[in-house]
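A structural walkthrough
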Amino acid sequence: MKIAIITETFVPSTDGVVTRLKACIRYFKREGHDIRVIAPDLGVDEFEGVKVEGVPARTLLLYRSKKFSLPTRKVKKMLEDYDPDVVHIVNPALVGMSGVYYAKKLGIPMLASFHTQVPKYADYYNVPMFKGFLWWYFRKLHNQADLNLCTSEAVKEELLEQNFQNVRVWQRGVDTELFDPDNYDENMRERLSGGQKDKKLLLFVGRLAPEKEIEKIKSVLDSSDEFVLAIVGDGPHRQTLEKHFAGTDTIFTGFMHGEELAKAYASSDVFVFPSTTETLGLVITEAMASGLPLVAAESGPTCEQIEDNRTGLLYDQDKPGDFKNTVLRFADETLRKRLAKAARNDIAEMSWDAQSKQVLDYYKEIAGVYDPALSHNNIEPSDLKTENK
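Residues numbered from 1 in each chain as written. Predicted model: local features only at pLDDT ≥ 70, side-chain atom pairs only at ≥ 80, totals over all residues. Heavy atoms only, no water.

Identification of the protein chain as Glycosyltransferase involved in cell wall bisynthesis from Lentibacillus persicus is taken from an unreviewed UniProt entry.

And the structure:
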């Protein structure tokens, strides 16, 4: 198959969406398929032998730490020249809107995937009046697709409530060879703890943005001198956070990748994830694979990944002070070790291949490519042809 992926974010950017896409592309290549990526032009024209067609990118008013591509007719020519069998629009919003429009106009089978709760972000960026409009906009885009994917059952239910159509759940994946407890590194622990290696090391990994609610972690440091904090990542909220955590035992590292990031996970004690707006939280899976117990909000997507008091602890976001009190329970080393072991065991057999095969099967389904190996449905070739008329 010829697969076109149109995405709002790609390398050299680093986030959960990019990580998932890279894993898929590697799998598609191994299976013998041809892939073309259309993404914001960030100076990268290929990824591991796959051509990346750049669309002119610029910073936006509310998010100056990252460049985005606006809707453009260039996408039409890119699709016509490549002539794909299927188009995957990843998180359609800006350049993805062009992907949706032209894939539909050119009659190319189209899958769209929903990764980011943008409507919920409206509260964090002080524009709550746009929430209704944002749901309308994303619903209009996604409902042009033959199939929509999201990353958890909870998000699927929410999308169905918002009248999104043809929604299915895209299963989780993680690189359990890279993320492993054996990556513990004494020098990394020294760095992340600011030289206080004997204290409990809390770790946050992710984009530094208001909706991540990272400020909550300070209450733990204010309440106990047994804990230190490392914040790995970067983003538009970094300066605000550095001021907020000034005077506490907090280290900001900036971005980490690959083996360095794997060492950071494995050299820490507890992963803290205060956000309540995630559709999945890939970092949760990476932390669990690294043998870290977690503290996260008791919300749909996190409950699908974390079993309270077995692989981590869930806090009640509606209960004042519950995040702090939940993290403080990890002063008990026996509890921490028990949850850490269970977290790793839950993830040990996971890989990226299963989720990559899943989405490839969906491509074949909407493109009308009959494959007896498809295991998630009982559609016959004649049904596929009818479905795609």
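**What about a nonpolar patch on the surface?**
A contiguous nonpolar patch, built from Met129, Phe130, Phe133 and Trp136 and spanning about 460 Å² of accessible area, is present on the exposed surface. Its place among the elements puts Phe130 in the loop between helix H4 (118-124) and helix H5 (131-142). (Patch = residues over 30% accessible without salt bridge, like charges linked within 9 Å, V, L, I, M, F, W, Y side chains within 5 Å. Areas by Shrake-Rupley, 256 points an atom, 1.4 Å probe, with all protein chains shown as cover. Salt bridge = Lys/Arg side-chain N within 4 Å of Asp/Glu carboxyl O. Helix = DSSP H or I, 4+ residues; strand = E, 2+ residues; numbered from the N terminus.)

**Some points on the nonpolar core**
The biggest cluster of nonpolar side chains holds 54 residues, and the ones touching the most others in it are Leu202, Ile217, Phe245, Tyr265, Phe271, Val272 and Val295. Per-element tally for this core: the top contributor is strand S12 (residues 227-232), with six residues. Not counting residues within four places of it along the chain, the set of residues in contact with Tyr265 comprises Phe179, Leu203, Val205, Phe271, Val283, Glu286, Ala287, Ser290 and Leu292. Among the nonpolar cores identified, the runner-up in size contains 32 residues, and Ala103, Phe114, Cys150 and Val155 belong to it. (Core = buried A, V, L, I, M, F, W, Y, C linked by side-chain atoms within 4.5 Å. Buried < 20%, exposed > 50% of the residue type's maximum accessible area, 1.4 Å probe, protein only. Contact = heavy atoms within 4.5 Å.)

**Quick notes on the pattern of salt bridges**
In this structure the tally under the stated criterion is 24 salt bridges. A salt bridge links Asp15 to Lys66, with the nearest nitrogen and oxygen atoms 3.3 Å apart. Linking Asp15 in the loop between strand S1 (2-7) and helix H1 (16-30) with Lys66 in strand S6 (residues 63-68), this pair joins segments that are 51 residues apart in sequence. On the basis of relative accessibility, which here comes to 23%, the residue Asp15 falls in the partly exposed class. Between Glu278 and Lys212 there is a salt bridge, with its nearest N and O atoms 2.8 Å apart. Here Glu278, found in the loop between strand S14 (270-273) and helix H11 (282-289), pairs with Lys212, found in the loop between strand S11 (200-205) and helix H8 (218-223); they are 66 residues apart in sequence, far enough to count as distant. Lys212 shares its class with Glu278; the two are buried. Among the ionic contacts, a cluster of salt bridges with common partners joins Glu186, Glu190 and Lys197.

**Quick word on the packing of H1 against helix H15 (residues 353-367)**
Where H1 contacts H15, the two axes come as close as 9 Å, and the packing angle between them is 70°. As far as their axial angle goes, H15 and H1 are roughly perpendicular. From H1, Arg20, Ala23, Cys24, Tyr27, Phe28 and Arg30 reach across to H15, where they touch Asp353, Gln355, Ser356, Lys357, Val359, Leu360 and Tyr363. (Axes fitted to C-alpha atoms, helices over the stretch in contact; angles between N-to-C directions. Parallel < 35°, antiparallel > 145°, perpendicular 65-115°, else oblique.)

**Regarding the state of the cysteines**
Using the criterion set out here, one finds zero disulfides in the structure. Take Cys150: it sits in no disulfide, and the sulfur closest to it among the cysteines is that of Cys24, at 15 Å. Judged by relative accessible area, which is 0%, Cys150 ranks as buried. (Disulfide = S-S within 2.5 Å.)

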